[in-house]
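Residue strings, one per chain:
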Amino acid sequence: MNVLAADLAHYSKAYNVFVEKTGKHTSDQKWAEENFPAAVVHKLGEIRPSDHTLRSLGVGSGSGEYDIILLRMLSQRFSRFNHVVLEPARVYLEEFQSTVAKESSSGEWSVPGAANFEWHNETLEEYMAKKNDHSSEGSPQQFDFISAVHSLYYVDEVRVALQFLYGSLAPGGTLLTTLLKDTSSYTDTSSVTAQEVTKENYTSSTKVKRVLTELDIPFTISEQRVSADITSIFDQGSAEGNLLLDFLTHVGHFRETATKEMEEAVLTRFRKQAREYRVATRADAKPGFAGAAHCDPDGDNERILIERIWENVIITKA
């Protein structure tokens, strides 16, 4: 059995189903609108002049939806920026490039022609290796803002990666990294399954926070919560459900390669998590609360939902 990220084409299909079932893009937009200006934009605006050319780095930027949301917010304060993109999946990188070309030609950015992009079809580790190989040529490039959103799960050495990213920040710069919270129902299944089945390391939010604490790097946390409709994973004949199950377990073609015992154990975990989420939302529900009775994990008449919790870890370099 292989980790899902080993097959980027299959990962892309599974990820697209996951996005649909969680409303991820809507959640990202909401979090950015409510939190990003105060956490990053305003702070940078206080220490950088308005004519400053902002330097930013996106790690694992995918097709660029979230990078563009954040860059558009930053461009309200800084009219010029240079953005470096690291994305190992060529199909995602090409989608990002196409979107930038369209937005640049239509004048979406605050100053036409003032948004410059540098593209790297590679992983963070590959980028780090190249930078380390050229370390003798002068000071490394420093950034005002770095985003590593859902991209540190499978780095080989998270301590080395965090040291590199923190070291790549200019004074006053900010690093935003987002991972699953360990108490999230997803983490209980995906991290354990990925390690049990593929023997791959899986970086959790707890690991990142522990490493930052050991390195004496201060950080703050902002949570982001959504519900995920996992009804289709219980239908063995559902192509959509099988792709979603792959994403939730982080295992490629999970149902095809897992033993019946392992498959049933994973599905049992999800049923348990759905019941717990149902109880929690009912306990918190107020009269007329739409989410109070959304889940029947042992029946077939309602959607089956579990909760996803992300931790946005925000690090500002003194």
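Residues numbered from 1 in each chain as written. Predicted model: local features only at pLDDT ≥ 70, side-chain atom pairs only at ≥ 80, totals over all residues. Heavy atoms only, no water.

Student: Is there a simple way to think about the side chain of S56 in this case?
Tutor: Tracing the backbone shows S56 in strand 1 (residues 53–59). Using a relative accessible area of 0% as the deciding quantity, one classes S56 as buried. Excluding its chain neighbours within four sequence positions, the residues that come into contact with S56 are L71, N82, H83, V84, F143 and F145. (Helix = DSSP H or I, 4+ residues; strand = E, 2+ residues; numbered from the N terminus. Buried < 20%, exposed > 50% of the residue type's maximum accessible area, 1.4 Å probe, protein only. Contact = heavy atoms within 4.5 Å.)

Student: Would you take a moment to explain helix 5 (residues 124–133) for this structure?
Tutor: Within an α-helix, residues lying three or four positions from one another point in the same direction, as the helix has 3.6 residues per turn. Those residues of helix 5 not exposed but buried are L124, Y127 and M128. End-on, the buried residues of helix 5 take up no more than an arc of 100°, which puts them together on one face. Residues of helix 5 that are buried in the fold lie against strand 1, strand 2 (80–86), strand 3 (115–120), strand 4 (143–149) and helix 6 (158–167). (Arc of directions from axis to C-beta.)

Student: What should I look at first to understand the packing of aromatic side chains in this one?
Tutor: Where two aromatic rings form a pair, the distance of their centres and the angle of their planes describe that pair. The final tally for this structure, using the stated rule, is 11 aromatic pairs. Taking 6.4 Å as the distance between ring centres and 75° as the angle between the ring planes, the aromatic pair formed by Y15 and Y92 counts as edge-to-face. Of this pair, Y15 sits in helix 1 (residues 8–22) while Y92 sits in helix 4 (residues 90–105), placing them 77 residues apart in sequence. The class of Y15 is buried, set by a relative accessible area of 17%. Pairing F18 with F247 gives two aromatic rings, centres 4.4 Å apart and planes at 20°, and the pair type is stacked. With a gap of 229 residues between them, F18 in helix 1 and F247 in helix 9 (residues 239–249) connect regions that are remote in the sequence. Here the two residues F18 and F247 agree in accessibility, since each one is buried. Taken together, the ring pairs in this structure connect Y11, Y15, F18, Y92 and F247 into an aromatic cluster. Residue placement shows K24 over the ring face of Y66; its charged tip is 6.0 Å from the ring centre. Taking NZ or CZ as reference, K317 lies 5.4 Å from the ring centre of Y166, over its face. (Phe/Tyr/Trp six-rings, centres within 6.5 Å; stacked < 30°, edge-to-face > 60°. Lys NZ or Arg CZ within 6 Å of the ring centre and 35° of its normal.)

Student: It is not clear to me how the environment of V155 should be interpreted in this structure. Could you clarify?
Tutor: For V155, the position within the fold is in the loop between strand 4 and helix 6. Residues V155 and T123, 32 residues apart in the sequence, show an inter-C-alpha distance of 9.0 Å.

Student: Is there a simple way to think about the sheet that holds strand 1 in this case?
Tutor: Strands sit in the order 3-2-1-4-5-7-6 across an open sheet of 7 strands; the sheet is mixed. Where the open sheet ends on each side, the last strands, each with one partner, are strand 3 and strand 6 (220–229). Across this sheet, the average inter-strand angle for adjacent strands is 15°, counted without regard to direction. Seen against the sheet, helix 4 touches strand 2 and strand 3 and runs at an angle of roughly 165° to strand 3. Packed onto the sheet, helix 8 (residues 205–214) meets strand 5 (169–180), strand 6 and strand 7 (305–316) and runs at close to 20° relative to strand 7. (Pairing = 2+ DSSP bridges. Axes fitted to C-alpha atoms, helices over the stretch in contact; angles between N-to-C directions.)

Student: Sorry, what's going on with unusual backbone geometry here?
Tutor: Across the chain, the bulk of peptide bonds are trans and the bulk of non-glycine residues have phi less than zero. Look at D216: it is not a glycine, yet its phi comes out positive at around 60°. Examined against the element boundaries, D216 turns out to sit in the loop between helix 8 and strand 6. In this structure, H250 takes a positive phi of about 60° despite not being glycine. Here H250 lies in the loop between helix 9 and helix 10 (254–257).

Student: Sorry if this is basic, but what is going on with the nonpolar core here?
Tutor: The biggest cluster of nonpolar side chains holds 56 residues, and the ones touching the most others in it are L124, L165 and I230. One finds L54, I68, F96 and F145 within the second-largest nonpolar core, a separate group that totals 27 residues. (Core = buried A, V, L, I, M, F, W, Y, C linked by side-chain atoms within 4.5 Å.)

Student: Which parts of the structure should I look at to understand the pattern of salt bridges?
Tutor: It is possible for side chains bearing opposite charge to pair when their charged atoms get close. Under the counting rule described, the total for this entry stands at 15 salt bridges. Between K272 and E276 there is a salt bridge; the shortest N-O distance is 2.5 Å. Here the residue K272 and the residue E276 both occupy positions in helix 11 (residues 260–284), the gap between them amounting to 4 residues, near one helical turn. Overall, K272 belongs to the partly exposed group, its relative accessible area being 47%. Connected via shared salt-bridge partners are K181, E223, R225 and E307. (Salt bridge = Lys/Arg side-chain N within 4 Å of Asp/Glu carboxyl O.)

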